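Chains, contacts and geometry: an overview
This is what each chain is made of:
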Amino acid sequence: MMPKNIPGRSEATQGKGISFSDRRRILRLWKRAGAFLLLFIPVLLFLTGPASSAQPEEVTNKDLVKLDLEELMQIPVSTVYGASKYEQKTTEAPSSISIVTADQIKKFGYRTLAGILNSLRGFFITNDRNYSYAGVRGFGRLGDYNSRILLLIDGHRVNDNIYDQAFLGNDFPLDIDLIDRVEIIRGPSSSLYGANAFFAVVNVITRRGKAMKALEVSGEAASYNTFKTRLSYGNQFNNKLDMLLSGTAYDSKGQRLFFKEFDTPETNNGITQGTDYERLHQVFMNFAYQDFTLQALYGSRQKGIPTGAFDTVFNDPATFTVDNRGYLDLKYERSLDQWNVMGRLFYDHYNYYGDYKMVQAINKDSALGNYAGAELKIVKQLLERHKATLGAEYRNSINQDQRNYDHNPYVSYLDDHRQSLNWAFYGQDEIALFKNLILNLGVRYDYYETFGGTTNPRLALIYNPFDKSFLKLIYGTAFRAPNVYELYYTTVNQKGNLDLQPETIKTYELIYEQFISKVFRMEATGFYYKINNLISQRTDSADGLITFQNVDEVETKGFEWEMEGKWKNGWEGRLSYTYQDTTNSRTGESLAKSPKHMAKLNIMVPLLKDKLFAGAEGRYESSRKTLSGNETGEIFVANFTLFSRGLLPGLELSGSVYNLFDKQYGLPGMEEHLQDSINQDGRTFRLKLTYRF
């Protein structure tokens with residue numbers, strides 16, 4: 001009888017240690033990550049002179065934009081930048097906000113942006129063993145590449161110009177250790193950001209050199225023969241140049257998996273091995289001098305596809321995808337009295353290619369996207385009661401190319417080359433009607449060469465009736481433009497649709513936020529969303545080809561409740577519950593892939609003051625409906641992390657166990673999968689060491 005590996009069990013747990021070849025892989029990773037720093041740091045140290053010993057500047061209300069996390073933490077109410085494109089208190093922002101700090105990332109052992117989002121109310125993650133997909137407030141679709149979430153790094157748009165993809169897993173091009181905090185802004189924000197700010201905006205704020213003030217070395221070992229290394233250097237010098245450089249390398253062999261759908265002798269009795277691998281490398285640079293900031297980022301990830309998706313040969317490592325994402329961003333920002341001016345120039349690059357091993361040939365699929373653009377924004381305080389924002393954006397897509405062909409024998413199916421541009425104007429006014437009543441009005445006009453123009457407003461009334469009580473009533477609209485993949489991708493079994501129009505959403509939201517003593521904060525939110533012209537995949541009965549069409553109308557409604565606590569002795573906790581109901585208005589049926597009920601708990605306990613911390617989280621989801629109408633079943637997953645710092649000067653250690661109770665579960669698959677549900681990871685572990693010189 002052929003032995004079968006239970007999905008989710010790691011090879012490490014089956015008694016295998018680190019082999020000589022693994023040690024060589026670790027050494028190779030260190031070399032990759034270190035090569036970058038060894039080349040650049042000596043040159044930059046010579047050019048910049050000795051490091052500054054100056055203490056952080058005194059905090060003032062006028063320069064919140066320039067504060068780092070340590071300074072912001074001194075302010076009783078959290079602040080957010082991404083909700084209005086300037087720093088403001090979360091209680092005054094026209095959205096429901098969550099903030100996740102670098103400290104929380106360490107203490108809860110988060111490994112990816114998807115892991116962070118999965119811990120928050122209203123979000124749920126699905127992984128098809130290639131990409132991570134985020135669902136928000138009842139709406140989540142595999143295969144849409146998170147195009148209804150706008151992902152930003154320091155305000156720079158990360159969604160690419162081919163699929164509008166927001167990268168949330170290891171394909172996210174920034175090392176999670178370089179995150180200072182993550183701002184999660186729920187609801188539509190097209191009035192400020194345009195396309196893709198449909199369900200939420202996720203703004204990642206990076207660390208600064210003056211906060212690091214050291215050479216930082218980090219190494220990880222985890223389940224499935226997974227190793228990760230990072231070398232970073234950050235500092236602020238006497239001439240006020242703030243610099244951060246970092247390089248990361250990652251290598252994972254992946255799991256040995258069993259899929260019952262392939263349980264035949266011809267397909268290795270459903271066992272696949274050596275196909276779940278993942279490799280990546282990342283480089284990040286940030287230079288800030290006076291009012292200028294230059295930021296460069298590049299990340300490349302290769303992932304094997306073990307599921308036999310798209311009718312590829314099962315148990316063959318030749319099927320994989322590679323995503324390369326990078327950008328260069330030059331920003332100028334200056335605050336003068338009641339003015340704040342920001343200008344930005346950027347150049348972005350995205351390259352995807354995938355090899356799909358079919359029986360008769362290897363099918364090669366690729367996309368190349370390059371674009372350049374500029375943004376100008378002015379914020380002005382007017383007549384004491386108004387805070388006005390005006391801005392404009394321009395983006396020119398130089399390349400939006402897609403190819404698909406068979407290799408040996410060569411057969412071309414698609415060789416499409418496009419260019420396009422879009423521009424936008426936006427404005428917002430925050431009006432203090434009374435001392436305890438704020439009216440926030442925003443509107444943005446976007447023009448696209450493909451379909452024309454669209455205008456999207458947002459109105460928010462923010463009321464502070466009692467001490468520590470806040471009410472927000474919000475109405476907004478947003479849109480998602482059809483991307484070039486949906487418009488032009490035509491092969492033997494799929495065709496583009498030039499008649500596609502933007503999908504739109506109208507939202508209504510009521511938020512109640514209450515601070516209780518100095519320890520607790522409670523938030524309750526009710527929401528109703530209506531989506532029109534939803535772009536969905538359909539099969540054209542005329543020719544049998546798959547195509548995208550504006551066919552669906554969707555309604556989603558629900559409510560969220562959350563209680564946070566933070567005590568002086570270092571305890572922290574957050575408990576939330578979400579109810580969400582999403583239906584297709586035309587059929588009256590609930591959408592697949594979304595749980596109706598979610599409950600989440602996060603607790604952090606200091607075991608040894610300022611030295612040792614325990615972080616635990618639990619996540620419950622009710623059953624999800626699959627494409628075939630089956631149910632995946634309820635799940636409860638718990639994670640646990642021990643984190644220490646300062647046991648030795650400069651040393652941080654952590655150990656994490658994910659899926660602590662080894663829950664075996666699957667999440668819905670897509671049309672390209674033979675599996676109705678895709679197996680998720682069982683119990684896994686990670687050990688991590690970080691040292692600052």
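See the structure printed just above.
Quick look at the structure, then. (Residues numbered from 1 in each chain as written. Predicted model: local features only at pLDDT ≥ 70, side-chain atom pairs only at ≥ 80, totals over all residues. Heavy atoms only, no water.)

Examining the side chain of R207
As for its position among the elements, R207 is in the loop between β9 (200-206) and α6 (209-212). Side chain to side chain, R207 and E216 meet in a polar contact 3.2 Å long. Not counting the four nearest positions on each side in its chain, R207 is found in contact with D177, L178, I179, D180, M212, E216, L244 and R692. (Helix = DSSP H or I, 4+ residues; strand = E, 2+ residues; numbered from the N terminus. Polar contact = N/O pair within 3.5 Å; in protein donor to acceptor, adjacent residues only side chain to side chain. Contact = heavy atoms within 4.5 Å.)

Re the packing of aromatic side chains
Here the distance between the centres and the angle between the planes together describe a pair of aromatic rings. Under the definition given, this model contains 33 aromatic pairs. Here a set of aromatic residues connected by ring pairs shows up, and it is made of Y131, Y133, Y145, Y163, F167, Y350, Y352, Y485, Y489 and F548. Lying across the ring of F527, R137 places its NZ or CZ 4.7 Å from the centre. Just above the ring of Y488 sits the side chain of R418; from NZ or CZ to the centre is 3.7 Å. (Phe/Tyr/Trp six-rings, centres within 6.5 Å; stacked < 30°, edge-to-face > 60°. Lys NZ or Arg CZ within 6 Å of the ring centre and 35° of its normal.)

What to know about the pairing of strand β32 (residues 635-645)
Examined bridge by bridge, strand β31 (residues 612-621) and β32 share 10 bridges and lie antiparallel to one another. Pairing of A614 across the sheet is with L642, part of β32. Bridge analysis of β32 against strand β33 (residues 651-658) gives six bridges, and the strand direction is antiparallel. Pairing of R645 across the sheet is with E652, part of β33. The hairpin turn running from β32 into β33, its antiparallel successor, is five residues long, and G646 in that turn takes a positive phi close to 85°. (Pairing = 2+ DSSP bridges.)

Structural notes on the nonpolar core
In this structure, L113, L117, L151, F172, L174, V182 and V204 are the most contacted members of the largest nonpolar core, which totals 70 residues. Setting aside residues no more than four positions away along its own chain, V204 makes contact with L113, L151, L152, I153, D154, F172, L174, I179, R181 and V182. Core analysis: the next-biggest nonpolar cluster, separate from the first, contains 12 residues, A83, I185, Y193 and Y426 among them. (Core = buried A, V, L, I, M, F, W, Y, C linked by side-chain atoms within 4.5 Å. Buried < 20%, exposed > 50% of the residue type's maximum accessible area, 1.4 Å probe, protein only.)

With respect to the pattern of salt bridges
Evaluation of the coordinates by the stated rule reveals 58 salt bridges. Here R344 and D329 are joined by a salt bridge, their closest N and O atoms 2.9 Å apart. Of this pair, R344 sits in strand β18 (residues 339-357) while D329 sits in strand β17 (residues 320-336), placing them 15 residues apart in sequence. Of the residues examined, R344 reaches a relative accessible area of 7% and is grouped as buried. Note that D581 is salt-bridged to K557, the shortest N-O span being 3.6 Å. (Salt bridge = Lys/Arg side-chain N within 4 Å of Asp/Glu carboxyl O.)

Function cannot be inferred from these measures alone, as they are strictly geometric.
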